[in-house]
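Remarks on the overall topology
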Amino acid sequence: MSGDGDALTAAGWFPGRDVRDAAMSAALETAAVAVPVAGGSPWTLFPAAMRALREFHGLNLRPAGAGRDVAASGCYLEPCEARHAFRAFEALGEIVGLRLFPLGRTDSHGLLGVDELGRLFCLDHGGRWLLGDTVREGLGALTEGCAPHRIAPRRWAWAAPHAYEEPLGNAVRTALVAVYVLHHRKVFSARELRLTITTLRGIGRRPWTVSSPCLVAPFRTAPCRSWRGCVR
């Protein structure tokens, strides 16, 4: 029997375990008390989360040793322990492209969550981590101290447009394209863009200092000295 099986078995897990009523009660309590954030929504219980709760809810796992790659940790599988972290799990969901539901906490105060594919994730002071492609695999990795996979934020890259010969016009156009891409990807929302042009040495008169509301139509810009005249 593998180490993860030993840790799960010692905690009371067995093949076919189903604590349906307790799992549903915990899920409803988690969703009921979570406070929606501005522009967000309450916790959503999806099938993969419900299956994980029915199989693993209520287990209190202990470390299976010192740890293979990192320090092994135990965990308590109770979703209410992580229900306060809606914003953190929502941000992780935006990175992986799927919704998450809280599953519990680790002994080191990390927060456990499961996504719509049934993968187990952990949020802690060190970052965002994928523990396993299944909840059972992730719990085994956690209790055995197997190195998790760090989840890095999404990165986007785009070529700066070069539609005009005038450097100043290109700079304005590039800045607005950046604002548009970030807004379109829902990374940031900007209401105003400020641009200051200085001399090469950065001293003396500032030839151009303007600010204007950010309109999501950067491709209509044209090189000119009047900011408000070229953003429509």
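Refer to the structure printed above.
Residues numbered from 1 in each chain as written. Predicted model: local features only at pLDDT ≥ 70, side-chain atom pairs only at ≥ 80, totals over all residues. Heavy atoms only, no water.

1. A short note on the pairing of strand E4 (residues 111-115)
We apply this condition: Partly exposed describes any residue whose relative accessible area lies between the buried limit of under 20% and the exposed limit of over 50%, with all areas from a 1.4 Å probe on protein chains only and scaled to the type maximum. Secondary structure follows DSSP: runs of H or I at least 4 residues long count as helices, runs of E at least 2 residues long count as strands, and numbering of each begins at the N terminus. The pairing criterion for strands is at least two bridges between them, as found by DSSP.
The element E4 is largely enclosed, with a buried count of five among its five residues. A two-sided burial pattern is seen for E4, the buried positions comprising Leu111, Gly113 and Asp115 on one face and Leu112 and Val114 on the other. As judged from the five bridges shared by strand E3 (residues 100-106) and E4, these two strands associate in the antiparallel manner. Directly across from proline 102, in E4, lies its bridge partner glycine 113. As defined by bridge partners, E4 adjoins strand E5 (residues 120-124) across four bridges and the pair is classed as antiparallel.

2. Digging into the packing of aromatic side chains
Formally: A pair of Phe, Tyr and Trp rings is counted when the ring centres sit within 6.5 Å of each other, with Trp represented by its six-membered ring. The angle between the planes then sorts it: under 30 degrees is stacked, over 60 is edge-to-face, the rest tilted.
By the definition in use, this model includes four aromatic pairs. Centroid distance tryptophan 43 to phenylalanine 86: 5.1 Å. Interplanar angle 75°. Geometry classified as edge-to-face. With a gap of 43 residues between them, tryptophan 43 in the loop between helix H2 (20-33) and helix H3 (47-56) and phenylalanine 86 in helix H4 (residues 86-96) connect regions that are remote in the sequence. You'll find tryptophan 43 and phenylalanine 86 in the same group, each marked buried.

3. A look at the sheet that holds E5
For clarity, the threshold we go by: Contact criterion: two residues are considered in contact whenever any of their non-hydrogen atoms come within 4.5 Å of each other. For helices, the fitted line uses only the C-alpha atoms of the stretch in contact; every axis is such a line through C-alpha atoms, and the angle between N-to-C directions lies from 0 to 180 degrees.
A sheet is described by the order of its strands in space; here seven strands give the open sequence E1-E2-E3-E4-E5-E6-E7, paired in antiparallel fashion. Each edge of the open sheet is held by one strand with a lone partner, namely strand E1 (60-61) and strand E7 (149-150). Strand direction decides the pairing type here: strand E6 (residues 127-132) and E7, joined by two bridges, are antiparallel. Within E7, the residue paired with leucine 130 across the bridge is histidine 149. Where helix H5 (residues 135-144) meets the sheet, it contacts E1, strand E2 (75-76), E3, E4, E5 and E6, and its direction lies at approximately 115° from that of E6.

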